[in-house]
Amino acid sequence: LQHPRQPLGHEDLARRGARVICGGYGGVMEAACRGAVEAGGTTRGVVLAGRGRPNAWVQETVVASELGERLRLLRDSSQAWVFLPRGLGTMLELLWMSESVVKNEASPRPLVLVGEFWRALVESALAEAAGAERVATSYDRSLSLGPDGHEADLGADVAETLVEDARKAADG
């Protein structure tokens, strides 16, 4: 698990003008926010009402009244989705967002899944949605899912940075 003191893929994302939009709490979310802020980027945390305060690196806080609203806000305010390994909440977000694309409730966008952790889940989801025109391709140890079977447009350098940061966190 990423430690909050280890910035996460911040330089490439911030340099590209990307804003980190996340759940806004601790752990990986805090590491991503910290990295973005330290590299000159911006952050938004989407938190649930009554479920705690956002981490100190969140610059803009959006409060959702319930989980469905939070998921929609995370989905609809992002141009790409990056998922790091572990967590039932993260798994729920990934499946919900993927289903939203399959059901045409959200437009397809780059989706990067870091690590082997996601492989079985993605294979099951793709088998389930076999009629949908979505295909998984691989980066080194990450997966990128994009429309029309092409690699996500985040770029291999960003994916490699995220993968490297995830490996460092897992080893440390």
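Here's a quick rundown of the structure. (Residues numbered from 1 in each chain as written. Predicted model: local features only at pLDDT ≥ 70, side-chain atom pairs only at ≥ 80, totals over all residues. Heavy atoms only, no water.)

Before going further, it helps to spend a moment on the pattern of salt bridges. Per the counting criterion, the structure on display carries eight salt bridges. A salt bridge links Arg70 to Glu93; the nearest nitrogen and oxygen atoms lie 3.9 Å apart. Placement of Arg70 in helix α3 (residues 67-76) and of Glu93 in helix α4 (residues 88-102) is noted, with a sequence separation of 23 residues between them. With a closest N to O distance of 2.6 Å, Arg75 and Asp76 form a salt bridge. What emerges from the salt-bridge pattern is a single network uniting Arg19, Arg44 and Glu60. (Salt bridge = Lys/Arg side-chain N within 4 Å of Asp/Glu carboxyl O. Helix = DSSP H or I, 4+ residues; strand = E, 2+ residues; numbered from the N terminus.)

With that settled, consider the sheet that holds strand β3 (residues 60-64). Strand order across the open sheet formed by three strands is β1-β2-β3, with parallel pairing between neighbours. This sheet does not close on itself; its edge strands, each paired only once, are β1 (19-22) and β3. Sheet twist, expressed as the average angle between the axes of neighbouring strands with direction ignored, equals 15 degrees. Contacts between helix α2 (residues 28-38) and the sheet are confined to β1 and β2 (42-48), with β1 contributing the most and set at about 165 degrees to the helix. Seen against the sheet, α3 touches β1, β2 and β3 and runs at an angle of roughly 160 degrees to β2. (Pairing = 2+ DSSP bridges. Axes fitted to C-alpha atoms, helices over the stretch in contact; angles between N-to-C directions. Contact = heavy atoms within 4.5 Å.)

Moving on, we get to the pairing of strand β5 (residues 111-114). Along β5, one buried face is formed by Leu111 and Leu113 and the opposite face, lined by Val112 and Val114, is buried too. Here strand β4 (residues 81-83) runs beside β5; their pairing, made up of three bridges, is parallel. Each residue of the ladder has a partner; that of Val82, found in β5, is Val112. One crossover worth recording links β4 to the parallel β5 by way of α4, and it is right-handed. (Buried < 20%, exposed > 50% of the residue type's maximum accessible area, 1.4 Å probe, protein only. Right-handed = clockwise from strand over helix to strand, strands pointing away.)

This part takes up α4. The terminal C-alpha atoms of α4, which comprises 15 residues, lie 21 Å apart, in line with the 21 Å expected from a rise of 1.5 Å per residue. Taken residue by residue, α4 has Glu93, Leu94, Met97, Ser100 and Val101 as its buried positions. Buried residues in α4, looked at end-on, bunch into an arc of 130 degrees, giving them a common side. Trailing α4 by a residue or two, Asn104 shows a phi angle of about 60 degrees, which is positive. (Expected span 1.5 Å × (residues − 1). Arc of directions from axis to C-beta.)

All right, on to unusual backbone geometry then. The backbone of Asn104 shows a phi angle near 60 degrees, a positive value even though the residue is not glycine. For Asn104, a relative accessible area of 66% translates into the label exposed.

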